[in-house]
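Residue-level structural notes
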Amino acid sequence: MNKIIALLLLAFTSLAVSAQDILPQLKRERPDMNQIRREVTDHNSPYYYPRLMEEFQRNDTLMKLDKYRRLYLGYMFQEDYFPYRISNAANHIQEVYGRTNLNRQECDSVIKYAELVLQDNPFDLQQMMGLIQALRMKGKKNLADIWQYKLNYLLMAIVSTGTGLDEENAWYVIEPAHEYALLNMMGYTVTNHLFYDPYYEFLKVLTPSGANSGGFYFNIKTILEEYYRKFPEELNE
């Protein structure tokens, strides 16, 4: 786990509190999805979902990990949740992702379309990373730091669900694309993607130096349950 922590520390560079103080002590707890469902749908709960989302959408850095866990995982119980959502707006800026230098016009384009995507899918981590990069290049440091804080805590919400080292401690994600986003932020390169019944995915990875590092497990039980609840006809195909 020390190698994982070290790589994560490189990714979480803009936390308001020192990442070196947070990540080694990050509590790993397998989420009780039934309890989270109750919490985010209870009007009297401090984790009632509309209030969580309203707080998340403010331009501040006040939310902490307990709320981010419910915000992230609780999204699967919202009626507009769809784990395989594709945005046409993302196509406008796909070609510029991964480039280290963007001109002013390209930055403006990334900001415009990333914001459009995030209005439709508030947890599109790739668009969030692109938005942060473009804001920094434009010199909008304060706003970039706020989005970096949100991204960091969403990633920590995933990491806090387990170790990823076996099925029992698999990480929970709300869409398969987040498996790749997390591992890329940790410095890994995914080489293979396997599915294990009944609801686990295993991603084989290489370290930044190119060494084989085994892989990590992800639990997609709730993703599948919610998808087939909304699209029962897919079960018969």
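Scroll up for the structure.
Residues numbered from 1 in each chain as written. Predicted model: local features only at pLDDT ≥ 70, side-chain atom pairs only at ≥ 80, totals over all residues. Heavy atoms only, no water.

1. Structural notes on the sheet that holds strand 1 (residues 171–172)
Spelled out, the test is: Two strands make a pair as long as DSSP finds a minimum of two bridges between them. Strands here mean DSSP runs of E at least two residues long; helices mean DSSP runs of H or I at least four residues long; both are numbered from the N terminus. The contact criterion used is simple: two residues touch if any of their non-hydrogen atoms lie within 4.5 Å. A fitted line through C-alpha atoms represents every axis, and for helices the fit uses only the stretch in contact; the resulting angles, taken between N-to-C directions, go from 0 to 180 degrees.
Strand order in the open sheet made by the four strands is 1-4-3-2, with mixed pairing throughout. Each having just a single partner strand, strand 1 and strand 2 (189–196) make up the two edges of the open sheet. Inspection of the sheet shows strand 2 paired to strand 3 (residues 200–206) by seven bridges, in the antiparallel sense. If you follow His193 over to strand 3, its bridge partner there is Leu203. Across the face of the sheet, helix 9 (residues 177–185) comes into contact with strand 1, strand 2, strand 3 and strand 4 (212–219) while running at roughly 30° to strand 3.

2. Observations regarding helix 9
Test applied: Each residue's exposure class comes from its accessible area (1.4 Å probe, protein chains only) as a fraction of the maximum for that residue type: buried when under 20%, exposed when over 50%, partly exposed otherwise.
Buried within helix 9 are the following residues: His178, Glu179, Ala181, Leu182 and Leu183. Remark: Gly187 follows helix 9 within two positions and exhibits a positive phi of approximately 95°.

3. What about the layout of surface pockets?
Put simply, the test is: Points on a 1 Å grid, built from protein atoms alone, make a cavity when a 1.4 Å probe fits but cannot get out and make a pocket when they are open with protein on both sides within 12 Å along at least 5 of 7 lines; residues with an atom within 4 Å of a point are the lining residues. Grid points are joined across faces, edges and corners, and a volume is the space filled by probe spheres set on the points. For this scheme, ten residues count as nonpolar: Ala, Val, Leu, Ile, Met, Phe, Trp, Tyr, Cys and Pro. Four count as charged, namely Asp, Glu, Lys and Arg, and the remainder, Gly too, count as polar.
In this model, the second largest pocket occupies a volume close to 160 Å³. The wall of the second largest pocket is formed by Arg30, Met33, Asn34, Arg37, Phe77, Tyr172, Tyr199, Asn219, Lys221, Thr222 and Glu225. Classifying every residue of the lining of the second largest pocket by side-chain character gives four nonpolar, three polar and four charged.

4. What about the environment of Met137?
Inspection of the secondary structure puts Met137 in helix 7 (residues 125–137). The exposure class of Met137 is partly exposed, given its relative accessible area of 33%. Sequence separation between Met137 and Cys107 is 30 residues; the distance between their C-alpha atoms is 7.2 Å.

5. Observations concerning empty space enclosed by the protein
Counting across every chain of the model gives one cavity of 30 Å³ or more. Here the largest cavity is characterised by a volume of approximately 40 Å³. Along its surface, the largest cavity is lined by Glu55, Phe56, Arg58, Asp60, Thr61, Leu62, Met63, Tyr68, Tyr149 and Lys150. Residue assignment for the lining of the largest cavity shows that the elements contributing at least two residues are helix 4 (49–56) and helix 8 (141–159). When the residues that make up the lining of the largest cavity are grouped by side-chain class, the tally is five nonpolar, one polar and four charged.

6. Description of the pairing of strand 4
Side chains on a regular strand alternate between the two faces of the sheet. Pairing analysis gives two bridges linking strand 1 to strand 4, with the strands arranged parallel. In the sheet register, Trp171 faces strand 4, and the bridge partner there is Phe218. Pairing of strand 3 with strand 4 involves six bridges; the strand directions are antiparallel. Bridged to Lys204 within strand 4 is Gly215. The loop that links strand 3 with its antiparallel partner strand 4 comprises five residues; one of these, Gly210, has a positive phi angle of about 95°.

7. Quick look at the pattern of salt bridges
This is how the line gets drawn: Think of a salt bridge as a Lys or Arg side-chain nitrogen and an Asp or Glu carboxyl oxygen that are within 4 Å of each other.
The tally for this structure, following the rule as stated, stands at eleven salt bridges. Ionic pairing is found between Arg70 and Glu39, a salt bridge with its closest N-O pair at 2.9 Å. Within this pair, whereas Arg70 is found in helix 5 (residues 65–74), its partner Glu39 is found in helix 3 (residues 33–41), the two being separated by 31 residues in sequence. Comparing Arg70 with Glu39, the two get one shared label, buried. For Lys141, the salt bridge is made with Asp145, and the minimal N-O distance between the two is 2.7 Å. Linking Lys141 with Asp145, this pair stays in helix 8, spanning four residues, or about one helical turn. For Asp145, a relative accessible area of 21% corresponds to the partly exposed category. Counted as one network, the salt bridges with shared partners bring together Arg37, Glu79, Glu226 and Arg229.

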